[in-house]
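Remarks on the overall topology
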Amino acid sequence: SKPSDANLRSPICCIMGHVDTGKTKLLDCIRGTNVQEGEAGGITQQIGATYFPAENIRDRTKELKADATLKVPGLLVIDTPGHESFNNLRSRGSGLCDIAILVVDIMHGLEPQTKESLDLLKMRNTEFIVALNKVDRLYGWKTCRNAPIRKAMLQQSKDVQNEFNMRLDQIVTEFKEQGLNTALYYKNKEMGETFSIVPTSAISGEGIPDMLLLLVQWTQKTMIEKLTYSDEVQCTVLEVKVIEGHGTTIDVVLVNGVLHEGDQIVVAGMQGPIVTSIRALLTPHPMKELRVKGSYIHHKEIKAAMGIKITAQGLEHAIAGASLYVVKPDDDLEHIKTAALEDVESV
Ligand code: GTP
Ligand code: MG
Ligand code: NA
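Keep in mind the model is a prediction, meaning the values are calculated, not measured.

The amide bond that connects A304 to the next residue, A305, takes the cis arrangement and shows omega of -5°. Along the chain, the position of A305 falls in the loop between β15 (301–303) and β16 (306–311). Even without a glycine there, the phi angle at K134 is positive, about 75°. By the secondary structure assignment, K134 is in the loop between β5 (127–133) and α5 (149–154). On the basis of neighbour count, K134 is assigned to the buried category, with 23 C-beta atoms found within 10 Å.

In structure tokens form, the structure reads like this:
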């Protein structure tokens, strides 16, 4: 039978790229937050997750007149560090996603961790779009706050357009050297073969509507099967953290299925599998970053896809990167513990 639109989970999108290309700032721009300025040294050092409800995406893309095309409940975006020492976190983030945004600084072109990110995406055959960020740094750029990129381009002088085209051509050539065809998304006639480039500014918001719409449309068009909600829980631990008032908690990404308060769970731990039950299921408010301390919403149950903070007893030695298993009444606990043990070796 054909999966019904009503039963889709949110696509998971991972944002990757070289350090300081503007990954976190792009998310700040969509969220209306200031996470980046609160980071030590302006460097992301953890994986983050933010949920964007469909209504916010609809609002942010309305100038592109594509209202009717939103079928997914929202978009879950995973932020990753670009600094070279965090390859494991980039790998973990990209392993969870349905689609990725590869961010490239238009003034710098492809850099070492751009290439490393590309290798991760190629290895897993992950679809991605390129955000060609910092267009506002082109000399003489005229701000068109939050405008679709074509509208913003039309406002620019010939000199700005020439500099843009020159830098774009250069970067398309650099991608070619990596074995990839890329093109400006609105000139791309062979999506899927040729990767789409969306020019953006995380400071003034040009191109953000295009980037959001492209992500949602592309996932809806090509990944309906993968995005169909299933009862089978698929869940990964991102971080293990002590939170005042909650003890040791784990931040997880629920890729598919549903979690309930009280569920018995198994997670790999440094001293063997941890068997415990969910005390509280917490999420930040929509459009807020999971990795930033704030107020949490308590849930009785949560359906995928979502970034969730779980509180439970005995999580002190949980291992980031491991899978989280739910023990159902008919499941064999020993069997699940063995699976969790095997995880430890692969993390
Ligand atoms: P890591 O997570 O540490 O890899 O960096 P990042 O890719 O998340 O970049 P971040 O958001 O930390 O931005 C790095 C710097 O670039 C900050 O000073 C931002 O203000 C600046 N920046 C990001 N995007 C833009 C942009 O579109 N235009 C301009 N002019 N500056 C930007
Ligand atoms: Mg960052
Ligand atoms: Na940074």
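A few words now on the site of ligand 1. Contacts to ligand 1 come from 22 residues, most closely from G22, T24, K25, T44 and G82. Along the lines of polarity and charge, the residues of the shell around ligand 1 split into five nonpolar, 11 polar and six charged.

Along its 12 residues, helix α4 (residues 112–123) runs 17 Å from first to last C-alpha, staying within 8% of the 16 Å computed at 1.5 Å per residue. By the burial criterion, the buried members of α4 are Q113, T114, S117, L118, L120 and L121. With its buried residues spanning 160° around the axis, α4 presents them on a single face. Facing away from the buried side of α4 by over 90 degrees, the exposed positions are P112, D119 and M123. In the core, the buried residues of α4 are packed alongside β1 (12–17), α3 (87–96), β4 (99–105) and β5.

So, about the sheet that holds strand β6 (residues 182–184). Strand order across the open sheet formed by seven strands is β2-β3-β1-β4-β5-β7-β6, with mixed pairing between neighbours. Of all strands in the sheet, those with a lone pairing partner are β2 (48–53) and β6, marking the two edges. Each adjacent strand pair in this sheet contributes to an overall mean axis angle of 30°, direction not counted. Here α4 sits on the sheet in contact with β1, β4 and β5, set at roughly 165° to β4.

Parameters at a glance
- Residues numbered from 1 in each chain as written.
- Chains lettered and ligands numbered in written order.
- Predicted model: local features only at pLDDT ≥ 70, side-chain atom pairs only at ≥ 80, totals over all residues.
- Helix = DSSP H or I, 4+ residues; strand = E, 2+ residues; numbered from the N terminus.
- Buried ≥ 20, exposed ≤ 12 C-beta atoms within 10 Å, placed from the backbone.
- Near = placed C-beta within 6 Å.
- Nonpolar A, V, L, I, M, F, W, Y, C, P; charged D, E, K, R; others polar.
- Expected span 1.5 Å × (residues − 1).
- Arc of directions from axis to C-beta.
- Contact = placed C-beta atoms within 7 Å.
- Pairing = 2+ DSSP bridges.
- Axes fitted to C-alpha atoms, helices over the stretch in contact; angles between N-to-C directions.

These values are about where atoms sit, not about what they do.
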